[in-house]
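Breakdown of the fold
Given next are the chains, with one letter for each unit.
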Amino acid sequence: MGLYFMVARKWKRSQLSGTSRAYLLPPVIDIPVDEVTKQTYESALKEYGSVIGIWRKGTLEYIVDESLTKEVLSNDQDFSFERGTARLLNLPFILSLSKGKFFKDVHTTVVGGTIPRMDKLVDQIFPIFERQAHRIVKDSQLSGKGVDLSAHVHCCIAEAMLIIILGENFLDDHTLRITEETAHAIPNMAGMYPDPSPFARWFPRIWNVITWVRLVVEVIILQYCWVIVPIIWKEIRARKYQPLNSHVSKDNSEKERHNEPLIHYIAGMYADSQGRVSICSAIWVFIVIIAFIFASVQQTAASAVWVMFELSIRKEYLPSIGEELSTVADSMDSDGIHRLSYDSLCRSHVLDSFVREVLRTRVDSLDMIRETTRNVLLGGYTIPKGPVLLIDLFNNPLTMMHRWAGNLVRPMATLTNHSKILNGENAAQFDPTRWLEGPASSTVSSGYLTFGYGRWACPGRILAVTVIKMIVFTLLAISVPEVEGGECVVADPLNMMSLPPIGRVIFHPLESVLRKD
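About the thresholds
Residues numbered from 1 in each chain as written. Predicted model: local features only at pLDDT ≥ 70, side-chain atom pairs only at ≥ 80, totals over all residues. Heavy atoms only, no water. Helix = DSSP H or I, 4+ residues; strand = E, 2+ residues; numbered from the N terminus. Buried < 20%, exposed > 50% of the residue type's maximum accessible area, 1.4 Å probe, protein only. Areas by Shrake-Rupley, 256 points an atom, 1.4 Å probe, with all protein chains shown as cover. Expected span 1.5 Å × (residues − 1). Bend = angle between axes of the 7 residues up to and from the residue. Salt bridge = Lys/Arg side-chain N within 4 Å of Asp/Glu carboxyl O. Pairing = 2+ DSSP bridges. Contact = heavy atoms within 4.5 Å. Axes fitted to C-alpha atoms, helices over the stretch in contact; angles between N-to-C directions. Polar contact = N/O pair within 3.5 Å; in protein donor to acceptor, adjacent residues only side chain to side chain. Phe/Tyr/Trp six-rings, centres within 6.5 Å; stacked < 30°, edge-to-face > 60°. Lys NZ or Arg CZ within 6 Å of the ring centre and 35° of its normal. Core = buried A, V, L, I, M, F, W, Y, C linked by side-chain atoms within 4.5 Å. Left-handed = near helix turned anticlockwise from the far one by under 90°. Nonpolar A, V, L, I, M, F, W, Y, C, P; charged D, E, K, R; others polar. Parallel < 35°, antiparallel > 145°, perpendicular 65-115°, else oblique.

Looking at the overall build of the protein
Helix and strand content of the protein: 22 helices and twelve strands. Buried positions account for 55% of the 517 residues belonging to the protein. Counting only carbon and sulfur atoms, one obtains 57% of the accessible surface of the protein, whose full area is about 23,400 Å².

Listed below in structure tokens is the structure:
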């Protein structure tokens, strides 16, 4: 198998480098595994041009600079988000099985099932973040040391999302633990977490297959399917649902859905004309919920932890954000606890500008991905559609349903977010005040790619930013954070926002800090 892999890779290298009578191919750059950094990629783009080919984890990918990013992300005809993301997640078969509807259904779930009812959702889940904030501060105070903020944040977001999906009746320690495990499993299945083992570095495709199969069995089948799926099955089969495409009593049905858990909205997406969810449709409900758990828990948790670490290090911004909390809070009870609604969180412009700047400066370098649908002319080169050879069945069985897949293209997002042309001469500096007059941290633009761009920009960005604000405000209302040792370690310099920083945070009770002052 290893011999086949080496032969196939050599053959592909020889075919894809140099020139052709028909078109000029981008240069393919060799970067040793131990030299892969954001700086080496940016230097290669600067030296060789706006498009380069690089072998990453056993696959040839094309990286583009900021001059071509907008074209790649907005040209859906030539660069497919759905096919690229399916391959990124090691789920190329998901589009064929869903008849191309999977990502559209996930998008509908978020846009239709959460955004219109943000007021109610915040009222429903805010107490969770408030309770967890007191727990985090208490743990830090009792130990006298820093706490693992990532674990705490991951837990409280998982609890909040479980309530949004299923309602409070099904919340217990067991279902919460499995929700967390599921959220962790998906990025591991996709190979998003760097593995330090030599085998994983030198045989990435084989390692991806082993990891994928192991997690599908251990987490998805033996935990999610064993515990969460029966709950979902019982819930969606217990009643009839008004199909989303039905025009009968649409206003009334919308009001009903706003008062129900997300599972009922998803069931309505798949309900037939009789209001029933078939067995086959129920399977897709299970899969869509897994996708929602991953996107809402894993990605949001990492972003929230980064915001708290930056606040803990850049203490000069704490007074203004603390003052804003007192200003926007709807009320304060006798215990000094602030009550926040969705409207008050939307009015927190100082915190919002800080969040946007953290997300801008800590953006993942190569998080966004597209797959070519045909030979594409880009930056003076032609990126071929490129068949995946039959021999790739030995290297990566997960590509077996994509014998004629396109090539993967990734914009170097850091070059865009740090562009002086798009974000001013001081784009390399951390300056939240640049956003005080807007736009909001959830608003995408050609110079701010943290949530993507174009038609497939992250649909859950409003929910994500709202959750981040609740975490920050509930912690700052009762404590002053400090990074243990004064610094943290970036887990993956290429994809900073996908992984939380390595470090611990000490939370000093606000009362004791005020007494000292």
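What to know about helix 7 (residues 118-143)
Counted at 1.5 Å a residue, the expected span for helix 7 with its 26 residues is 38 Å, and the 36 Å between its end C-alpha atoms agrees. Of all bends in helix 7, the biggest is about 35°, found at I125, and the proline P127 comes one to four residues later. Positive phi appears at G144, one or two residues downstream of helix 7, with a value of about 70°.

Re the pattern of salt bridges
All chains considered together, the criterion is met by 18 salt bridges. Residues R339 and E130 are paired through a salt bridge, measuring 2.9 Å at the closest nitrogen-oxygen approach. Linking R339 in strand 6 (residues 338-339) with E130 in helix 7, this pair joins segments that are 209 residues apart in sequence. Look at R339 and you get partly exposed, because its relative accessible area is 33%. Its relative accessible area of 11% is what places E130 among the buried residues. A salt bridge links K469 to D352; the shortest N-O distance between them is 3.1 Å. Taken together, the positions of K469 in helix 21 (residues 461-476) and D352 in helix 17 (residues 349-361) put the pair 117 residues apart, joining distant regions of the chain. You'll find K469 and D352 in the same group, each marked buried. Look at the salt bridges and you will find they share partners, linking R56, E61 and R410 into a network.

Observations concerning the sheet that holds strand 2 (residues 51-56)
Spatially, six strands are ordered 1-2-3-10-7-4 in an open sheet, and the strand pairing comes out mixed. Two strands close off the open sheet at either side, each with one partner strand: strand 1 (28-29) and strand 4 (79-80). Across the sheet, helix 4 (residues 81-88) touches strand 3 (59-64), strand 4, strand 7 (370-372) and strand 10 (408-411), and the angle it forms with strand 7 is around 115°.

A word on the side chain of D65
Among the structural elements, D65 can be located in the loop between strand 3 and helix 3 (66-74). A polar atom in the side chain of D65 sits 2.6 Å from the side chain of S67. Leave out the neighbours within four places in its chain, and D65 touches L45, S50 and L415.

Considering the pairing of strand 10
Residues L408 and R410 of strand 10 are buried on one face, and the alternating residues V409 and P411, pointing to the opposite face, are buried as well. In terms of strand pairing, strand 3 meets strand 10 through four bridges, oriented parallel. Among the inter-strand pairings, V64 is bridged to a residue of strand 10, identified as P411. Relative to strand 10, strand 7 runs antiparallel, the two sharing two bridges. Counted as the bridge partner of R370 is V409 from strand 10.

Let's talk about helix 8 (residues 149-166)
Here helix 8 contains 18 residues, and its C-alpha end-to-end distance of 26 Å stays within 8% of the 26 Å for a straight helix at 1.5 Å per residue. Positioned one or two residues after helix 8, G167 has a phi angle of 95°, which is positive.

Quick notes on the packing of aromatic side chains
This structure, assessed with the given rule, holds nine aromatic pairs. Their ring planes at 70° and their centres at 6.1 Å tell us that Y317 and F430 sit as a pair that is edge-to-face. Pair noted here: Y317 is in the loop between helix 14 (279-313) and helix 15 (318-328) and F430 is in the loop between helix 20 (420-423) and helix 21, with a separation of 113 residues, a long-range link. Like F430, Y317 is buried. Where Y448 meets F451, the ring centres are 6.5 Å apart and the plane angle is 70°; that geometry is what we call edge-to-face. A single burial state applies to Y448 and to F451, both of which are buried. Members of the aromatic cluster, connected to one another through ring pairs, are F81, F102, F103, W284 and W456. Taking NZ or CZ as reference, R356 lies 4.3 Å from the ring centre of W435, over its face.

Let's talk about the nonpolar core
Among the nonpolar cores identified, the biggest contains 118 residues, and L149, I157 and I232 are the most heavily contacted of them. Looking at this core element by element, the count peaks at 20 residues for helix 14. When sequence neighbours within four positions are dropped, the list of residues in contact with I157 reads F129, S296, V297, T300, A301, V467 and I471. Of all hydrophobic cores here, the second largest spans 13 residues; its members include V51, V64, V376 and Y381.

Looking at the packing of helix 7 against helix 21
Two numbers describe how helix 7 lies on helix 21: the axes approach to 9 Å, and their chain directions differ by 40°. For the pair helix 7 and helix 21, the crossing hand works out as right-handed. Only I462, L463, T466, V467, M470, I471, T474 and L475 of helix 21 make contact with helix 7, whose side of the interface consists of M118, V122, I125, F126, F129, E130, A133, I136 and V137. A per-class count over the contact of helix 7 with helix 21 returns 14 nonpolar, two polar and one charged.

Side note on the packing of helix 8 against helix 9 (residues 173-189)
Between helix 8 and helix 9, whose axes approach to 9 Å, the crossing angle comes to 110°. By the angle class used here, helix 8 and helix 9 are roughly perpendicular. Here H154, C155, A158, E159 and L162 of helix 8 lie close against helix 9, whose contacting residues are T175, L176, T179, E180, A183 and H184. The residue makeup of the contact of helix 8 with helix 9, split by class, is five nonpolar, four polar and two charged.

Thoughts on unusual backbone geometry
Omega for the peptide link from G438 to P439 comes to 0°, which places this bond in the cis form. Looking at where P439 falls in the secondary structure, it is placed in the loop between helix 20 and helix 21. Phi angles above zero are rare outside glycine, and N90 is one such case at about 60°. You can see N90 is positioned in the loop between helix 4 and helix 5 (93-97). Phi is positive for K99, close to 60°, though the residue is something other than glycine. Taking the relative accessible area as the measure of exposure, K99 reaches 76% and is therefore exposed.

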